[in-house]
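The lines below spell out each chain.
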Amino acid sequence: MGTEHLIQIRRDLHRIPEIGFQEFKTQQYLLNLLNQFPEHRLDVKTWKTGIFALVKGTNPQKTIGYRADIDGLPITEETDYDFSSEHPGFMHACGHDFHMTIAIGILTHFVKNPISDNVLFLFQPAEEGPGGAEPMLNSDIAKEWKPDIITALHIAPELPVGTIATKPGLLFANTSELFIDLKGKGGHAAYPHTTNDMVVAACSLVTQLQTIIARNIDPLDSAVITIGKITGGTVQNIIAENARLEGTIRTLSVESMDKVKERIEAIVKGIEIGYSCKTMIDYGSMYHQVDNDEMLTREFMEYISDQTSYDVRECTEAMTGEDFGYMVDQISGFMFWLGVGSPYGLHHAKLQPNESAIGVAVDIMCKYISYKANQ
Ligand SMILES: CC(=O)N[C@@H](CCC[C@H](N)C(=O)O)C(=O)O
């Protein structure tokens, strides 16, 4: 499939971002593309809003897996693209439109140029939440078609096109969502002494939560608590009865995650006493850290460096999360960053990845998968 066709696919997908497990139009769009291929080359099965697509090998000794996530984010797009999101309030702001397009490019190559091994494509819903990788992997289809190795990529706005980065071992953090509800006593803005103000309690809680990172985590370890959203109250002259914090926790080990949660619970208890309110903590969805297989990752990095003209760098681990972590927990594999040179970063309303990176990624993965199939 030519680059122009792939860019058109990326733009079509960019127009229709949908959040986790709501990717109905996205699934249909991908199915329309996949259904053009002959059945003797490609077997397609849907799973919820995701898709498994198996490109049949000529003499398969193993199955090589490739995963692309397919969901968008609840962000109002601020690019000036003439192919901007047609779904108000939603955007492909994490590059999943790129990830899907690249998967289609690789898949098309192997449908048209058969190799000995099978190549399984997993178009996975709900990476941004609540998490599609773990249930998709536990599905009967995944058990039947289980890949022997698995790979995936993620766009990296800060890296130039033609560059990839990864590392053996830990690449992405453990994550846990965090939702805290506070319920006090509302009332007239002029009579604070008769109320328990949840806006004041919420503000205090946000600053106290940040002390966990500064005072409870070993400075040589790393952790993040981000509160991305605060809601509370109703109007400017009523003291708020309710407030809600929504955020995420990131750590580089399961032990640190347990410690952060223990401290959050203690601090929230303190808020409950200090502000005479009721609280509720919900951890939402949690993602396993991404641990790249040491041997496969080194081999991939050496292959790209020795056999292609692309620039491969060893990076440090990142505090981003990825439910692909569940896949590499069960199947040997790795993930890597793909340079897309955007002045705006991931989860930004102006993210503008350079489309020439699509051809780079397809080229890299076609070469690498062909090389692995000959082993
Ligand atoms: C690559 C990336 O940006 N992934 C997301 C995963 C989100 C997981 C979950 N919703 C959470 O917020 O903990 C990320 O924000 O790192």
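Just so we're clear, the structure is a prediction, and the values are computed from it rather than from any experiment.

Colleague: Hey, could you run me through the overall build of the protein in this one?
Modeller: Each helix and strand in the protein was counted, giving 10 helices and 17 strands. Here the C-alpha atoms of the protein give a radius of gyration of 23 Å, agreeing with the 21 Å that 2.2 N^0.38 yields for 375 residues. Summarising its shape, the C-alpha atoms of the protein cover approximately 75 × 45 × 40 Å along the three principal directions. The buried share of the protein, reckoned over its 375 residues, is 55%.

Colleague: Explain the pairing of strand β5 (residues 149–156) to me, please; I cannot follow it from the model alone.
Modeller: Each regular strand carries side chains that alternate between the two faces of the sheet. The buried fraction of β5 is high, at eight of eight residues. The two faces of β5 match: I149, T151, L153 and I155 on one face and I150, A152, H154 and A156 on the other face are all buried. Where strand β3 (residues 63–69) lies against β5, three bridges are found, and the strand directions are parallel. Note on β5: the bridge partner recorded for G65 is I150. Pairing of β5 with strand β17 (residues 332–339) involves eight bridges; the strand directions are parallel. Across the sheet, T151 pairs through a bridge with F334, a residue of β17.

Colleague: Would you mind showing me how to read the domain arrangement of the protein here?
Modeller: The accessible area lost on association of the parts is a frequent measure of interface size. Taken as a whole, the protein is organised into domain 1 (3–172 + 289–373) and domain 2 (174–286). Between domain 1 and domain 2, the C-alpha centre-to-centre distance is 35 Å. Between domain 1 and domain 2, the residue contacts involve 11 residues of the former and 13 residues of the latter. Where domain 1 abuts domain 2, roughly 770 Å² becomes buried across the two surfaces, and 56% of that area is made up of carbon and sulfur atoms.

Colleague: Teacher, can you tell me more about the sheet that holds β3 here?
Modeller: Note: strands within a sheet are paired through backbone hydrogen bonds, in either parallel or antiparallel orientation. A sheet is described by the order of its strands in space; here eight strands give the open sequence β1-β2-β4-β3-β5-β17-β6-β16, paired in mixed fashion. Of all strands in the sheet, those with a lone pairing partner are β1 (42–47) and β16 (311–314), marking the two edges. Across the sheet, the axes of successive neighbouring strands diverge by a mean angle of 25°, strand direction being ignored. As defined by bridge partners, β1 adjoins strand β2 (residues 50–55) across six bridges and the pair is classed as antiparallel. Opposite T46, over in β2, you have I51 as the bridge partner. The strands that helix α2 (residues 24–34) touches are β1, β2 and β4 (118–124); relative to β2, the one it contacts most, it runs at about 20°. Most of the contacts of helix α8 (residues 294–307) go to β17, to which it runs at about 40°, and overall it touches β5, β6 (163–166), β16 and β17.

Colleague: I would appreciate a short explanation of the UniProt feature "domain: Peptidase M20 dimerisation" (unreviewed entry) in the protein in the present structure.
Modeller: If you check UniProt for "domain: Peptidase M20 dimerisation" (unreviewed entry), the listed places come out as residues 180–269 in our numbering. Annotated as residues 180–269, this span is 38% helix and 31% strand, and its ends, taken at the C-alpha atoms, are 12 Å apart.

Here is what the cut-offs are and how they apply
Residues numbered from 1 in each chain as written. Predicted model: local features only at pLDDT ≥ 70, side-chain atom pairs only at ≥ 80, totals over all residues. Heavy atoms only, no water. Helix = DSSP H or I, 4+ residues; strand = E, 2+ residues; numbered from the N terminus. Rg over C-alpha atoms; globule rule 2.2 N^0.38 Å. Buried < 20%, exposed > 50% of the residue type's maximum accessible area, 1.4 Å probe, protein only. Pairing = 2+ DSSP bridges. Domains from an automatic or database assignment. Contact = heavy atoms within 4.5 Å. Buried area = accessible area lost by both parts, 1.4 Å probe. Axes fitted to C-alpha atoms, helices over the stretch in contact; angles between N-to-C directions. UniProt positions renumbered as here; feature names shortened; annotations may be inferred.

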